[in-house]
Amino acid sequence: MKIFLDSADYKKIAEYAQTGLIDGVTINPSLLKAQQESPLKIVREIVRVLPEAEINLQVTEHEPHKVYEQARVIARLTDTMVVKIPCCAQYLPVIAQLIQEDIPVNVTLVFSLSQALEVAKLGVNYISVFIGRLFDNGIDGLEIASSVQEMLDTYSYESELLVASIRTKEQVEGSILLGADAITMPPEVFNELVDHPLSQAGIEKFSEDWQQGPHNDLLG
Ligand code: G3P
């Protein structure tokens, strides 16, 4: 399973890169707004610390022909760019054209099985299902994500499910259980994954017992 960080904060990304777990980054206009830095600088800084990682950067244009042009510019920034395009009927021909040109595409803002089917048929690389926003609207986002994964498996589409808009560790675990190909999460959620109160308690107890044991002279 691929793990992406949902962030444009390149200093934080550099920190998390050291975990060896980060396969890529997802960036949208809201994350760029929070950062107030040039997108180009952000991309360059990410490449410096994660040269192999996929950088999923979203288009900001609206007119289909401008989205197409911008997508081509984004794709040329580095070898590892994936262009994020919002799920919308008017962009389907643009997406089809980009796929034909071998430009990696991540269709973002996907909320339903039927949206996912259409873009899977186009052969996009990633289908980003926003489970947190579905839950915000009283819909079980994990159930939708699970149906998308089942559809991809049933019809053997090559697109990968990317579970996005993740807010909690439980949503990460739900994504693992449904067999998602990839997840993207904010650094705060990533932080919650590896620590466990019982692991912490165990570390403290072992350390305490070691201090009181007779073998301190062996291992220092
Ligand atoms: O990758 C999608 C993500 O950036 C959206 O998350 O929390 O704004 O719904 P959120």
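Residues numbered from 1 in each chain as written. Predicted model: local features only at pLDDT ≥ 70, side-chain atom pairs only at ≥ 80, totals over all residues. Heavy atoms only, no water.

## Focus: the pairing of strand β5 (residues 105-110)
- Of all the six residues making up β5, five are buried; the element is thus mostly covered by neighbouring parts of the structure.
- Two strands pair when backbone bridges link them, and strand β4 (residues 81-86) and β5 are joined in this way by four bridges, in the parallel orientation. In the strand pairing of β5, K84 is matched with N106.
- Read from β4 through helix α5 (residues 92-100) to β5, the crossover connection turns out right-handed.
- Summarising the sheet, β5 and strand β6 (residues 126-130) pair through three bridges and their orientation is parallel. By the bridge assignment for β6, N106 is matched with Y126.
- In terms of handedness, the path from β5 via helix α6 (residues 113-122) over to β6 forms a crossover that is right-handed. (Buried < 20%, exposed > 50% of the residue type's maximum accessible area, 1.4 Å probe, protein only. Helix = DSSP H or I, 4+ residues; strand = E, 2+ residues; numbered from the N terminus. Pairing = 2+ DSSP bridges. Right-handed = clockwise from strand over helix to strand, strands pointing away.)

## Observations concerning a negative patch on the surface
- On the surface, a cluster of negative charge is made up of E170, E173, E188 and E192.
- Contributions of two or more residues to the negative patch are made by α9 (169-177) and α10 (187-194).
- Following the sequence through the fold, E170 ends up in helix α9. (Patch = residues over 30% accessible without salt bridge, like charges linked within 9 Å, V, L, I, M, F, W, Y side chains within 5 Å. Areas by Shrake-Rupley, 256 points an atom, 1.4 Å probe, with all protein chains shown as cover. Salt bridge = Lys/Arg side-chain N within 4 Å of Asp/Glu carboxyl O. Lys, Arg positive; Asp, Glu negative; His and termini not counted. Charge placed at Lys NZ, Arg CZ, Asp CG, Glu CD.)

## Overview of the site of the ligand
- Lining the immediate surroundings of the ligand are D6, N28, F130, R133, A164, S165, R167 and T184.
- Here an oxygen atom of the ligand and a side-chain polar atom of N28 are 2.7 Å apart.
- Within the side chain of S165, an N or O atom sits 2.7 Å from an oxygen atom of the ligand.
- Surface burial for the ligand is 81%, taken as the share of its 310 Å² of free accessible area covered by protein chains. (Near = heavy atom within 4 Å. Polar contact = N/O pair within 3.5 Å; in protein donor to acceptor, adjacent residues only side chain to side chain.)

## Observations concerning the pattern of salt bridges
- Inspection of every chain in the model, using the stated rule, returns six salt bridges.
- As a salt-bridge pair, E54 and K2 come within 3.8 Å of each other at their nearest N and O atoms. Placement of E54 in strand β3 (residues 54-58) and of K2 in strand β1 (residues 2-6) is noted, with a sequence separation of 52 residues between them.
- With its nearest N and O atoms 3.1 Å apart, the salt bridge here joins E160 to K2. With E160 in strand β7 (residues 160-164) and K2 in strand β1, the pair connects residues that are 158 residues apart, well separated along the chain.

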